[in-house]
Structures are given as structure tokens and as C-alpha cells.
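Per-entry structural report
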Amino acid sequence: MAIDRYLKAEIVSTLAQRMAFIGGPRQIGKTTLALSLIGPDATERHPAYLNWDDPKVPPAVRRGQLPPDEPLVVLDEIHKYARWRNLVKGLYDTEKSVRQFIVTGSARLDHYRKGGDSLAGRYRYFRLHPFSVNEIAAATGAPAGEHVDALLAFGGFPEPLLAQNARALRRWQRERLTRVVREDLRDLERVRDVSLVEQLVDLLPERVGSLLSVRSLREDLEVDHKTAEHWITILENLYVCFRVPPYGDPARRRSPGSPATRIRALKKQQKLYLWDWSVVPDEGARFENLVAAQLLKYCHWQEDVEGHRMELRFLRDVDGREVDFVVIQDKRPIFAVECKTGERAASPAIRYFAERTSIPVFYQVHRGTRHFQQGHATVVPFARWCMDMQLP
């Protein structure tokens, strides 16, 4: 089933002015999206699709030889070339009046764009995310609520989600992570103990939703703290996991002349989530990971498309009161989200933090059907919340 991804229209609009870079996890659909922009029937054999892994492509592209009469060229996996940025800059500067360029890749497009960038002003970067409730609902025409269980069971990556076969999912999970660690890791970093990185990948699903202890991971892997931290950062750059830092709200004055109210929030410890949440064994943690992924997708959409500065954080004080997520836009909190698997009353932590922070809106999302207001919290089914918020 051919599905137009949520970023397609924005990429088409961008190509009229500059290059489009598409980043995201391996097997998330970057190549499929790029091919759909070449033409409805384009495949990997189309002359405008240039994959750096094809032995014939690198020498031709380095000489500046591009397919004739192709108004759009896709450069896939070109980040594996050490001097790819200067090469792409030269191609674009000499060809931009007669053709458009899409560059796709899984790790380096994001990892190295934060430093000195010879391509500044020549491209827009889009991060492609897994399917979410609203995106799959729009593609299938079925009600959004019907897709939550499938997303929880099979994740949001196109191949396993569309197949919805448990045996195929297990094979896909194993093969994807093997390729990420054995191939992408080799291209990105010089890591001698690849087997220990594989062990780290196996340990992460059990850590989802909890405060991340690098010390515990270090002890399990029998490496030093700096090495364990470095390996987690590499896995973030490879779109295996992402970390959410704590939110420390400044003192809030409830009314003019009243004393400021402070909370003793955590400041350093982070939480960790996976791009493929289907591997998380605990049901509650998997649902929390699904919500985290949806919020990260929203934040990246707001940054890549709308131009806002976004942050995804969590709120927890030293006494253990916690709200799972706080979304910050342009340095101001805009809403907070608590996750519950059942249709429960609003968490007491919501009232506590609502009275002591500047967060204006609190939601508690769940997998049930009840929708009600309780104090400072709107308790709402996850699928309905996604629809009401018009999340990507």
C-alpha cells in the first residue's frame, strides 16, 4: 500500500528554493519517500536515484556526472563519503538552476550538521518519524482509535506495521538492529567493542521510562562511565534511542506581592526512549514510549516546518512526584502530558505541579474511552487527544 508521508508536501515546497535533506532511522521510509517525489512509479533502478552503495555511483558523482534530463536527483547514503558536504555543495551550486536535489541518510546528516556547515543556507533538514495515530488514520481512512493497539504491538516503522505479523516483526527487529550496529556504526564511529554495543542495545528496552542510570549500564557492560555515555550518544545519532532531560521551572508568583513558590526539581538525570518502541517488554513503559515518540515527532515538526525552537522534557521533584512530559516552545512551556494505561482519576502530581509551575495546560492520556475534566487536568483517550491536538 502506497502511503504519502506527512512531510511530502513540505519537501515539495522546499525543493523550489533549496535542497531537502531527509534524515531519520534506518528503514523508516526515507528512500520510499524520496522515490515518490521522483515519480509515482520510480524504483531504486530509476536513473535519478543515486545510491552511494552502488559501485558505479561514487566515481561518477565525484566527477560531477549526473543523469541527463532529470529535474530531481536523489543522493542516498552519500554521507558515507568523508567529503560529502563539499561534494554536494559543488553539485548544488553548479546545477541548482536546472535541477533539484534530495539528500537522504540515517545518521551523519543529523550528527554533523551541528558543527561548521559549508552547506548553510542551501538546504532544509527534515526528520522523518515512525507512523503515528493521525498519520496512519489519514492513510487508511479508519478511525484513529483503531490504530493504537497495532502501533503498540508492531511499532511505527512501515514494514512491520503494515504487515502486522508477529513472526515477521521479530525477524525485522533482529535484522534492523544488526544492520544498525554492524553497518551504520562502522560508518559513523571507530568502535572496537561492537559486541558490547550490541549488548548495550539489548539492555535499553528494560530502561525505558525510568531514570537512566549510566552507572548501572557501565557496571553491566564493565566499561568506564565515559565509554558508556559515548556509546549511548552514538545510538542516539543512529536513531536507536533518544533521551529526555528534566524540566526545572523557575519560581512562580501566584499573585502580585505573594512569595514565589519553588519546586525542588531534578536537574541532571534523564529518561530514555526508543524509536522502535515495539521491543519494550513492559506494557506501561511501551505506552509511555509511544507517547514520547508522538511528542518528539510533534516537536521536530514544529522545528523543521514551523521554525519554532522546541524542547521535550519531563518533570520530577526530589520527592518522586512526576509528570511524564513537558513540551516547551520558544523557551515557554505550552503543555504537559501524563501517561496512564487505565482510565484513572487525574494524577495528584498534576495538581501539585499546576499550582507551583508556569505550565498552562495538563493532559492525562490513557488507552480507555473516558474523557473528562478533573481539576487542572484533562483526562482523555490517547487517540482522541492526538486528533484534538492535530498532531502530525
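These lines cover the structure that appears in this document, whether it is placed above or below. (Residues numbered from 1 in each chain as written. Predicted model: local features only at pLDDT ≥ 70, side-chain atom pairs only at ≥ 80, totals over all residues. Heavy atoms only, no water.)

Considerations on helix α11 (residues 214-221)
Taken together, the buried positions of α11 are V214, L217 and L221. Down the axis of α11, the buried side of the element spans an arc of 60°, and every buried residue falls inside it. (Buried < 20%, exposed > 50% of the residue type's maximum accessible area, 1.4 Å probe, protein only. Helix = DSSP H or I, 4+ residues; strand = E, 2+ residues; numbered from the N terminus. Arc of directions from axis to C-beta.)

Brief notes about the sheet that holds strand β5 (residues 123-127)
Reading across from one edge, β2-β3-β4-β1-β5 is the order of the five strands in this open sheet, with parallel pairing throughout. Two strands in the sheet have a free side with no partner beyond their single neighbour: β2 (49-51) and β5. Each strand of the sheet is rotated relative to its neighbour by a mean of 20°, with strand direction disregarded. In this sheet, strand β4 (residues 100-105) lies alongside strand β1 (residues 19-23) in parallel orientation, the contact comprising four bridges. Among the inter-strand pairings, G23 is bridged to a residue of β4, identified as G105. Docked against the sheet, helix α4 (residues 84-95) engages β1, β3 (72-76), β4 and β5, running at close to 165° with respect to β4. (Pairing = 2+ DSSP bridges. Axes fitted to C-alpha atoms, helices over the stretch in contact; angles between N-to-C directions. Contact = heavy atoms within 4.5 Å.)

Some details on the pattern of salt bridges
Following the criterion strictly, the structure yields 34 salt bridges and no others. Between R127 and E303 there is a salt bridge, with the nearest N and O atoms lying 2.8 Å from each other. Here the residue R127 occupies a position in strand β5, and E303 occupies one in helix α13 (residues 283-306), the gap between them amounting to 176 residues. A residue is classified by how much of its surface remains accessible, and R127, at 10% relative accessible area, is buried. A salt bridge links K340 to E338; the shortest N-O distance between them is 3.3 Å. A relative accessible area of 19% places K340 in the buried class. (Salt bridge = Lys/Arg side-chain N within 4 Å of Asp/Glu carboxyl O.)

Regarding the pairing of strand β11 (residues 322-329)
The element β11 is extensively covered by neighbouring structure, given that eight of its eight residues are classed as buried. Across six bridges, strand β10 (residues 310-316) lies against β11 in antiparallel orientation. Opposite L312, over in β11, you have V327 as the bridge partner. The loop that links β10 with its antiparallel partner β11 comprises five residues; one of these, G320, has a positive phi angle of about 95°.

Overview of the packing of aromatic side chains
Using the criterion set out here, one finds 17 aromatic pairs in the structure. Taking 5.1 Å as the distance between ring centres and 85° as the angle between the ring planes, the aromatic pair formed by Y239 and W275 counts as edge-to-face. Here Y239 is found in the loop between α12 (225-237) and β6 (241-244), whereas its partner W275 is found in the loop between β9 (271-274) and α13, with 36 residues between them in sequence. No difference in accessibility class separates Y239 from W275, as the two residues are buried. Linked through ring pairs, F287, Y298, F335, Y363, F382 and W385 together constitute an aromatic cluster. (Phe/Tyr/Trp six-rings, centres within 6.5 Å; stacked < 30°, edge-to-face > 60°.)

Some remarks on empty space enclosed by the protein
All told, the structure shown has two cavities of 30 Å³ or more when counted by the stated rule. The space that makes up the largest cavity amounts to roughly 60 Å³. Lining of the largest cavity is provided by H129, P130, F131, S132, V133, W277, L290, A293, Q294, K297 and F382. Broken down by class, the residue content of the lining of the largest cavity amounts to seven nonpolar, three polar and one charged. (1 Å grid on protein atoms, 1.4 Å probe; cavity = no way out; pocket = protein on both sides within 12 Å on 5 of 7 lines; lining within 4 Å. Points joined across faces, edges and corners; volume = space filled by probe spheres on them. Nonpolar A, V, L, I, M, F, W, Y, C, P; charged D, E, K, R; others polar.)

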